[in-house]
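The chain contents come next:
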Amino acid sequence: PHTGRLALYLLGLQATCPPLSPHRSLVTWLKYYLEEDWTGSRRHGHPLTSYYQYGLGVLALCVHHKRVREEVIRRLLTAQHHGRLGHGGNAVDTEAVVALAFTCLERRKLVETGLAAELRVAAHKASRSMAKAQDPDGVIGNIYSTPWALQVFLATGTCQTEPAFGQAMAALLENLEAFGTAATMAQVLPVLHGHSYLDIASMHCQEEPDTLTPLDIEPLAEVPGNKTVQLVVECPLPWCYDLQLYNRTVPVPAAASLLDVLQAATVVEPHDFKFHTQDTPQGPFLTQVLGLEARQEKRNYWQLLTAPNTPLQMGIADYRPQDGETLILRLSEW
């Protein structure tokens, strides 16, 4: 089911103040996808997509003032209670989306009083959890997760009393160049203006000025010259016996991204290096390296690091390594 993509589309559509309701049938489809998505729990113990997409679906329906069956809401409450929302940056994203959905349902009075109280408690619990997860540099989860956490602080009203809010906002302002895709911009722009996705539900469209004027964007200047990047692939136990599966120097143009480095490695050694990616709203996501596939049911993923052990805060298409830098692709557990 395309739960998450349709949910994001409906949130964006509602934010543009559309005339009348041309998207009513899409809302019905989203309800259908939520039910189809949950059929995966009978086999895998989680939605066919993810709790992140499932939470987005509930949030989008709430923003459109649509009621959601109590059973659907309790699936998310149970997942949060039992710690099934993941680990690291992915967990912050998921917990934030779920907390926003809970806050929306409670605020819009789309649930009965007892359940509303449970949702309020769960949302504030998520807010405290994110504050505790903050790194010394102010980032919560990773730089892309930080806007989600800030949206929760804003939505739950804890931004005025939570020190983590100011520290996270400062970290965000220092790393704005990381938000180069439409999807990541959509997460960070509301926060920079003191809003969360919940505010879409209470927009007064007749008061919205028409500001959708096109901008002339200058193309990025080409950086002359070349650079070399050391590319390392690691696969620890229990998936592999050899920790280091690949270690080569890859020559690339000076402006090359990590994705360009991977593509160059396949040209230099087409029989020794292969990789696959999956397109997501945030850009290409690394799913397979040297025939080793990261799978949600195995709870693993390809972690991107710069030597010796610093996780990257950008995706493979956005990160541009320095000349002589060592990049590590490590199959890791989440």
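A brief report on the enclosed structure follows. (Residues numbered from 1 in each chain as written. Predicted model: local features only at pLDDT ≥ 70, side-chain atom pairs only at ≥ 80, totals over all residues. Heavy atoms only, no water.)

### Looking at the packing of helix H8 (residues 146-156) against helix H10 (residues 182-192)
Closest axis-to-axis distance for the H8/H10 pair is 9 Å, and the angle between their directions is 35°. Our pair here, H8 against H10, has a crossing hand that is left-handed. Contacts from Pro 147, Trp 148, Leu 150, Gln 151 and Leu 154 in H8 reach Gln 187, Val 188 and Val 191 in H10. (Axes fitted to C-alpha atoms, helices over the stretch in contact; angles between N-to-C directions. Helix = DSSP H or I, 4+ residues; strand = E, 2+ residues; numbered from the N terminus. Left-handed = near helix turned anticlockwise from the far one by under 90°. Contact = heavy atoms within 4.5 Å.)

### Section: helix H2 (residues 24-38)
Residue pairs three or four apart in sequence face the same way in an α-helix, which turns once every 3.6 residues. Helix length check: H2, at 15 residues, gives a terminal C-alpha distance of 22 Å against a target of 21 Å (1.5 Å per residue), a fit within 8%. All buried positions along H2 are accounted for by Val 27, Leu 30, Tyr 33, Leu 34, Asp 37 and Trp 38. The buried residues of H2 occupy one face: seen down the axis, they fall within an arc of 120°. Relative to its buried face, H2 has exposed residues pointing more than 90 degrees away, namely Arg 24 and Thr 28. (Expected span 1.5 Å × (residues − 1). Buried < 20%, exposed > 50% of the residue type's maximum accessible area, 1.4 Å probe, protein only. Arc of directions from axis to C-beta.)

### What to know about the side chain of Asp 93
Relative to the assigned elements, Asp 93 resides in helix H6 (residues 88-107). Although Asp 93 lies buried, it forms no salt bridge, and the closest oppositely charged side chain, Arg 5, sits 15 Å away as judged by the N-O distance. Leaving out residues up to four positions away in the same chain, Asp 93 has contacts with Tyr 52, Tyr 144, Ser 145 and Trp 148. (Lys, Arg positive; Asp, Glu negative; His and termini not counted. Salt bridge = Lys/Arg side-chain N within 4 Å of Asp/Glu carboxyl O.)

### A short note on the pairing of strand S6 (residues 300-306)
For S6, a buried count of 6 out of 7 residues is recorded, marking the element as mostly surrounded by other parts of the structure. Taken together, the 7 bridges between S6 and strand S8 (residues 326-333) define a ladder with antiparallel strand orientation. Opposite Leu 304, over in S8, you have Leu 329 as the bridge partner. As paired elements, S6 and strand S7 (residues 310-311) share 2 bridges and run antiparallel to each other. Note on S7: the bridge partner recorded for Leu 305 is Pro 311. The hairpin formed by S6 and S7 contains 3 residues between the paired strands. (Pairing = 2+ DSSP bridges.)

### Side note on the pattern of salt bridges
Counting across every chain of the model gives 9 salt bridges. We note a salt bridge from Arg 69 to Glu 71, for which the minimum N-O separation is 2.8 Å. One salt bridge connects Glu 71 with Arg 75, and the closest N-O pair in it is separated by 3.0 Å. Of the two residues, Glu 71 and Arg 75 both sit in helix H5 (residues 70-81), 4 residues apart, roughly one turn of that helix. Classification of Glu 71 as partly exposed rests on a relative accessible area of 43%. Among the residues examined, Arg 75 registers a relative accessible area of 10% and is labelled buried. Here the salt bridges share partners, and the residues they tie into one network are Glu 35, Arg 69, Glu 71 and Arg 75.

From the geometry alone we can't say anything about function, so treat these as descriptive.
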